Amino acid sequence: MSRHRTAALVGNPNAGKSALFNALTGARQKIANYPGVTVERKSGRLILPSGEPMELTDLPGSYGLNPTSPDEEVTAKVILGQFPGEASPDVIVLVLDASNLEQHLVFAQEVIELGKPTVVALNMVDLAERDGLVLDPKALEEALGVPVIPTEARHKRGITELLQAVDEVATGTYEPKPHRIQGTPPVLKNAVNQLMAQLEKLAPGLPNARWVALRLLDGDQTIADALSEGRLGTLASANTSQPAGSLVAAQL
Ligand SMILES: Nc1nc2c(ncn2[C@@H]2O[C@H](COP(=O)(O)OP(=O)(O)O)[C@@H](O)[C@H]2O)c(=O)[nH]1
Ligand SMILES: [Mg+2]
């Protein structure tokens with residue numbers, strides 16, 4: 001297994017993940033299947049501006065971390081470090097279609113909430129501009145709390161800047177400020193607080209307890225299984241070293 005840092009391209013279908021994958025890795029690609037499922041695993045090598053090599057995977061397109069298809073299940077499990085034999089990626093490159101941003105932001109929000117080192121590739125800027133949309137990547141970056149890099153994968157625009165941002169979040173030069181939803185309704189707040197208290201007892205120090213609680217309330221079977229099988233600890237590895245407990249306390 002590779003000792004290199006790893007990154008994964010994540011996003012809705014047709015966001016331009018594969019086009020970006022090709023632009024980022026060139027000819028250095030390997031195609032296989034994820035063991036036990038007929039889902040393609042595409043990986044390749046790239047070189048970061050620091051000179052460090054990195055393995056990049058082109059994860060199957062997905063609309064959410066609560067999977068509704070084998071493809072989505074692979075993506076959710078890999079991101080959360082729950083796919084057997086597959087380490088959770090060090091960096092997530094979240095690919096969004098700038099011409100269809102509202103829809104793509106739904107999944108983006110869910111992924112960013114995990115608190116993993118994440119970079120947004122704001123792709124298809126050419127289509128957005130053609131449609132007369134005015135993009136403000138800096139404002140989006142501020143709202144999301146992660147770097148936002150405009151790209152046009154098909155013509156390899158923004159690739160250097162994207163690699164620079166991946167390097168910065170991988171090495172911790174860029175300190176992410178993951179955005180968390182404000183203004184939780186009181187009923188949900190109560191339920192989340194109660195669940196979090198229970199989770200704290202079951203898995204002390206779990207850094208993403210708020211997210212786990214929200215997934216449980218949403219009926220996420222993957223998380224429920226992890227909990228009942230005592231594998232919640234592995235979910236902890238899907239997080240940065242950020243003291244999520246204090247963030248959570250501040251939010252709820
Ligand atoms: N105009 C434009 N088309 C793009 C861009 N990036 C990807 N595409 C096209 O959008 C379609 C979907 O891209 P693909 O990489 O297959 O998306 P994936 O499903 O996320 O892997 C393909 O026809 C690409 O050629 C872009 O930045 N601008
Ligand atoms: Mg693809």
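First, a word on what this report is: a plain description of the structure on this page. (Residues numbered from 1 in each chain as written. Chains lettered and ligands numbered in written order. Predicted model: local features only at pLDDT ≥ 70, side-chain atom pairs only at ≥ 80, totals over all residues.)

Before going further, it helps to spend a moment on the overall build of the protein. In terms of regular secondary structure, the protein is built from eleven helices and seven strands. Taking all 252 residues of the protein together, the buried fraction comes to 40%. (Helix = DSSP H or I, 4+ residues; strand = E, 2+ residues; numbered from the N terminus. Buried ≥ 20, exposed ≤ 12 C-beta atoms within 10 Å, placed from the backbone.)

Little of strand β2 (residues 29-33) is tucked away, with zero of its five residues classed as buried. Where β2 and strand β3 (residues 40-47) come together, five bridges link them in antiparallel fashion. When the bridges of β3 are listed, I31 appears paired with K42. Here β2 folds back onto β3, and the loop between the two strands holds six residues, one of which, G36, carries a positive phi near 85°. (Pairing = 2+ DSSP bridges.)

In this section: the nonpolar core. V10, V93, L94, V119, V120, A121 and V166 are the most contacted members of the largest nonpolar core, which totals 62 residues. Viewed by domain, this core spans two of them, domain 1 (5-171) and domain 2 (186-251), each represented by three or more residues. The residues touching A121, leaving out its near neighbours within four places in the chain, are L20, V93, L94, V95, L96, I149, T151 and L162. (Core = buried A, V, L, I, M, F, W, Y, C linked by C-beta atoms within 7 Å. Domains from an automatic or database assignment. Contact = placed C-beta atoms within 7 Å.)

Near ligand 1 lie 16 residues; those nearest to it are G16, K17, S18, A19 and A153. For the shell around ligand 1, the leading source of residues is helix α1 (residues 17-25), giving three residues. The residue makeup of the shell around ligand 1, split by class, is six nonpolar, six polar and four charged. (Near = placed C-beta within 6 Å. Nonpolar A, V, L, I, M, F, W, Y, C, P; charged D, E, K, R; others polar.)

The next thing to look at is α1. Burial runs high along α1: seven of the nine residues are buried. For α1, the complete set of buried residues consists of K17, A19, L20, F21, A23, L24 and T25. In the stretch just after α1, G26 is the one whose phi turns positive, near 60°.

Here helix α7 (residues 186-202) crosses helix α8 (residues 209-217) at 115°, and the two axes come no closer than 9 Å. In this structure, α7 crosses over α8, and the sense of that crossing is right-handed. For the pair formed by α7 and α8, the contact residues are A191, V192, L195, M196, L199 and E200 on the first element and A209, R210, V212, A213, L214, L216 and L217 on the second. Here the contact of α7 with α8 is built from residues that sort into eleven nonpolar, no polar and two charged. (Axes fitted to C-alpha atoms, helices over the stretch in contact; angles between N-to-C directions. Left-handed = near helix turned anticlockwise from the far one by under 90°.)

Examined against the element boundaries, V91 turns out to sit in strand β5 (residues 91-97). Along the sequence, V91 and L56 sit 35 residues apart, while their C-alpha atoms lie 9.3 Å from each other. In this structure V91 touches A7, P117, V119, V166, V169 and A170, once residues within four positions along its chain are discounted.

This next bit is on the sheet that holds β5. Spatially, the seven strands line up as an open sheet ordered β2-β3-β4-β1-β5-β6-β7, and their pairing is mixed. Every other strand in the sheet has two partners, leaving β2 and β7 (148-150) as the edge strands with one partner each. Mean inter-strand twist for the sheet, computed between neighbouring axes without regard to direction, equals 25°. The strands that helix α5 (residues 137-144) touches are β6 (118-123) and β7; relative to β7, the one it contacts most, it runs at about 155°.

Scope: geometric values only; no functional claims are made or implied.
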